[in-house]
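# Understanding the architecture of this molecule
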Amino acid sequence: MVQKDKGFQFFANALMIFLVICVLAPFFLMLMSSLTDEQTLIANGYSFFPEKFSLYAYKYLLVQSGSVGRGYIISITITAIGTTCNLLVTLLYAYPLSRKELPGRYIFAFYLFFTMLFSGGLVPAYLMWTQTFHIRNTIFALLVPGLLMSPFNVIMMRTYFTTNIPDEIIDAARVDGATEFGILFKVVFPMAKPIAATIGLLVGLAYWNDWMNGLYYINDDKLYSIQVLLMKIQRNLDQLRQQAQNGSGNVNLAELPSTSVRMALTVMGILPVMIIYPFLQRYFVKGITIGAVKG
Amino acid sequence: MKKKRKSLKHFWPMYVMFLPGVIYLFINSYIPMFGIQIAFRQYNAAKGVYGSPWCGMKNFEFLTKTKDAWIMIRNTVLYNITFIILGTILAVATAIILNEIRSKKAKQAYQTIILIPFLISMVIVSYLAFAFLSTSDGFINNTIVRWFGISAIDWYNSPKYWPFIIVIVNIWKGLGYNMILYYATICGIDSTLYEAAVVDGATRWQKVVHVTLPGLKSTIIILTLMALGGIFRSDFGLFYQVPLNSGPLINVTQTIDTYVYRGLIQNNNVGMSAAAGLYQSVVGFVLVVIANSIVRKIDSDSSLF
């Protein structure tokens, strides 16, 4: 029996290690390519074990290229501001929604809910943001459309309030003469820190990783976040590739970052996430499980 | 009367709290819902959404008449069905195997690592895919293809490979997320059921079949139904960014979402784009409502509403 279990444990671990390798291999290839000497890359292509290493790509990004520093500043700014605003709006909507005694709360619940079921889609939203709000090439384009509030998160937080915060505490605070805003920020919020951390992390990740708003609304390279910068570089390369295939246009690859530089830029794009992830892993897991199973 | 006035005074701060969210949702979600009427108008940039002349169902005609429309709908639905079937089987299998591993540390490490692709954007994924698939310097063409002594494959111009590439990338990115969902459900299964099975002399396989899988049944059904509700939606990044917007691949990578984007930005065909978007929203709405009402019958706690 023990012998049999040993065999099974070996099989199960081997399978998991295989999955782990499948997951990590592309990242390893990316990291190695970013550290490969440019001439070696041209000769041998992307390789897991390059013949010649070089730190050129990182030196280039950190010293010569201003776009990475700027990209980081934009990414960090939108992530910080966006996450804070999102959490505030979510908190402010979720708390009254969780108060059973509030008349008309079902109207607000439905108002929130309906946006999850039906959407106007990209076209009317795009026309509204660009023509009514003139959001193109402003920082608001990276902060506001679609990202400032997620109905899922509001419902998640509402559920947390109804199940984890006893009515007696709120009633007691009311008897003591606290205002509703006072109760929210001094009584409820401190008790809601675990859920706020979980939602904040998911929202922060969404802001850090967002490139679609950049695709729709940004052409000004001063406003490129890291992700938008990566997306734009790739688009330029695609266009050049297609021009080369059609035999039209002057193809000048020298204007675009070389392979190792692009790979180094990709490393920079995921580095902050990879640094914080091991410490906050359990919050990510919690966010996933409560978000999907208990909405 | 006096009491009522007191309660209103008592409640108004809560209504104020709703205000930022109400305003944001009004702008971000409700105005575009009204703006969808552009699908029934002949769009004119100078006149705007509400001033363009009406044109009835003209923008929708292509949906039934052209091959483009058939291709994008077919792709969206077939890819989603593949993702649901393969994704669920693999996620359930890995969750069960993960649960059987005895070392707690190893379990934790596997879970942590397999979730990593969930944390990165599709732009990064497209760079990773390019490192493997690039025709001139990609890893596959430079290493694997050389081993087998065949000529280099022009991946970004060969549509026949892309259904597989898209599915692999999707599973690579989503497996950790789904595995964790099922694993969490397994952890929640009453441990006395397993103990009873051991007393009855059940083998490992019998425990999986008679305890774990029945315990996972409702989660599998619910997540599948929810995914079926979204069968008309697609991940824009996966179908646009990962294939690098390559023209020759369009027959196997065009989905409703990429069609809407291309129509709007590249071809300047606002009417047809909006029509496709509205079609997607209406069908999606109906599917989500149906899926949800079934979920509510199975397990009312898990339904959206």
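Residues numbered from 1 in each chain as written. Chains lettered and ligands numbered in written order. Predicted model: local features only at pLDDT ≥ 70, side-chain atom pairs only at ≥ 80, totals over all residues.

## Quick look at the overall build of chain A
What counts here: In DSSP terms, a helix is any run of H or I states spanning at least four residues, a strand is any run of E spanning at least two, and both are numbered starting from the N terminus. C-alpha atoms define the radius of gyration in this analysis, and the globule rule sets the expected value at 2.2 Å times the number of residues to the power 0.38. Partly exposed residues are those whose C-beta has more than 12 but fewer than 20 other C-beta atoms within 10 Å; with 20 or more the residue is buried, with 12 or fewer it is exposed, and the C-beta atoms are placed from the backbone.
Across its full length, chain A holds 14 helices and zero strands. If you list the helices and strands of chain A from N to C, you get α-α-α-α-α-α-α-α-α-α-α-α-α-α. Against the 2.2 N^0.38 benchmark of 19 Å for 295 residues, chain A shows a C-alpha radius of gyration of 24 Å, more extended than a compact globule. Viewed in the frame of its principal axes, chain A has a C-alpha envelope of about 75 × 70 × 35 Å. The buried share of chain A, taken over its 295 residues, is 40%.

## Some thoughts on the overall build of chain B
Selection criterion: Residue pairs are scored as contacts if the distance between their C-beta atoms, which are placed from the backbone, is within 7 Å.
Secondary structure summary: chain B contains 13 helices and zero strands in total. Along chain B, helices and strands appear, N-terminal first, in the series α-α-α-α-α-α-α-α-α-α-α-α-α. Its C-alpha atoms give chain B a radius of gyration of 25 Å, clearly above 19 Å, the size a compact globule of 305 residues would have. Considering only C-alpha atoms, chain B reaches an extent of 85 × 75 × 35 Å along its principal axes. Per-residue burial for chain B yields a buried fraction of 39% across its 305 residues. The long-range share in chain B, meaning contacts at least 24 apart out of those at least 6 apart in sequence, stands at 66%.

## A look at the domain arrangement of chain A
Residues and elements named next belong to chain A. As a reminder of what qualifies: Each domain's extent was defined by an automatic or database domain assignment. Here the nonpolar group is Ala, Val, Leu, Ile, Met, Phe, Trp, Tyr, Cys and Pro; Asp, Glu, Lys and Arg are the charged ones; every other residue, Gly included, is treated as polar.
Each assigned domain of chain A is listed with its residue range as follows: domain 1 (2-54) and domain 2 (61-293). Across the boundary between the two partners, domain 1 contributes seven residues, which contact seven residues of domain 2. Those elements that place two or more of their residues in the side of domain 1 that touches domain 2 are helix 1 (2-34) and helix 2 (38-44). Among the elements that line the side of domain 1 that touches domain 2, the one with the most residues is helix 1, at four residues. Broken down by class, the residue content of the side of domain 1 that touches domain 2 amounts to three nonpolar, three polar and one charged.

## Here's the deal with the interface of chain B and chain A
Every contact between the two is made by 74 residues of chain B and, on the other side, 77 residues of chain A. Here the element with the most residues in the side of chain B that touches chain A is helix 1 (residues 2-35) of chain B; it accounts for 16 residues. Partitioning the side of chain B that touches chain A into residue classes produces 50 nonpolar, 20 polar and four charged.

## Details of the nonpolar core
The condition that has to hold: Put simply, a nonpolar core is buried Ala, Val, Leu, Ile, Met, Phe, Trp, Tyr and Cys residues tied into one set by C-beta atoms within 7 Å.
If you look at the biggest cluster of nonpolar residues, it comprises 123 residues, and the most contacted ones within it are Val-123 and Met-157 of chain A together with Ile-38 of chain B. Top element by residues in this core is helix 4 (residues 66-98) of chain A. It accounts for 11 residues. For Val-123 of chain A, the residues in contact, after removing those within four places along its chain, are Ile-38, Val-260, Leu-264, Val-270, Ser-273, Ala-274 and Gly-277 of chain B. Core analysis: the second largest hydrophobic core is formed by 27 residues, Met-16 of chain A together with Ile-114, Ile-222 and Leu-223 of chain B among them.

## Observations concerning the confidence of the model for chain B
Residue and element names in this part refer to chain B. Spelled out, the test is: The predictor attaches a confidence to each residue, called pLDDT, with possible values from 0 through 100.
Here chain B averages 89 in pLDDT, while 96% of its residues score no lower than 70. Here helix 6 (residues 139-148) stands out as the least confident element of chain B, with mean pLDDT 84; helix 10 (residues 236-241) is the most confident, with 95. Model confidence for the complex is summarised by a pTM of 0.91, with the ipTM given as 0.91.

## Description of the packing of helix 8 (residues 151-164) of chain A against helix 11 (residues 193-209) of chain A
All names here are of chain A. The condition is simple: Here the axes come from fitting lines to C-alpha atoms, over the contacting stretch only for helices, and the angles between their N-to-C directions go from 0 to 180 degrees. Working definition: roughly parallel below 35 degrees, roughly antiparallel above 145 degrees, roughly perpendicular at 65 to 115 degrees, and oblique for all remaining angles.
Relative to each other, helix 8 and helix 11 sit at 170°, their axes nearing to 10 Å. As far as their axial angle goes, helix 11 and helix 8 are roughly antiparallel. Two secondary-structure elements touch here, helix 8 through Asn-153, Met-156, Met-157 and Tyr-160 and helix 11 through Ile-195, Ile-199 and Val-203. In the contact of helix 8 with helix 11, the residues fall into six nonpolar, one polar and no charged.

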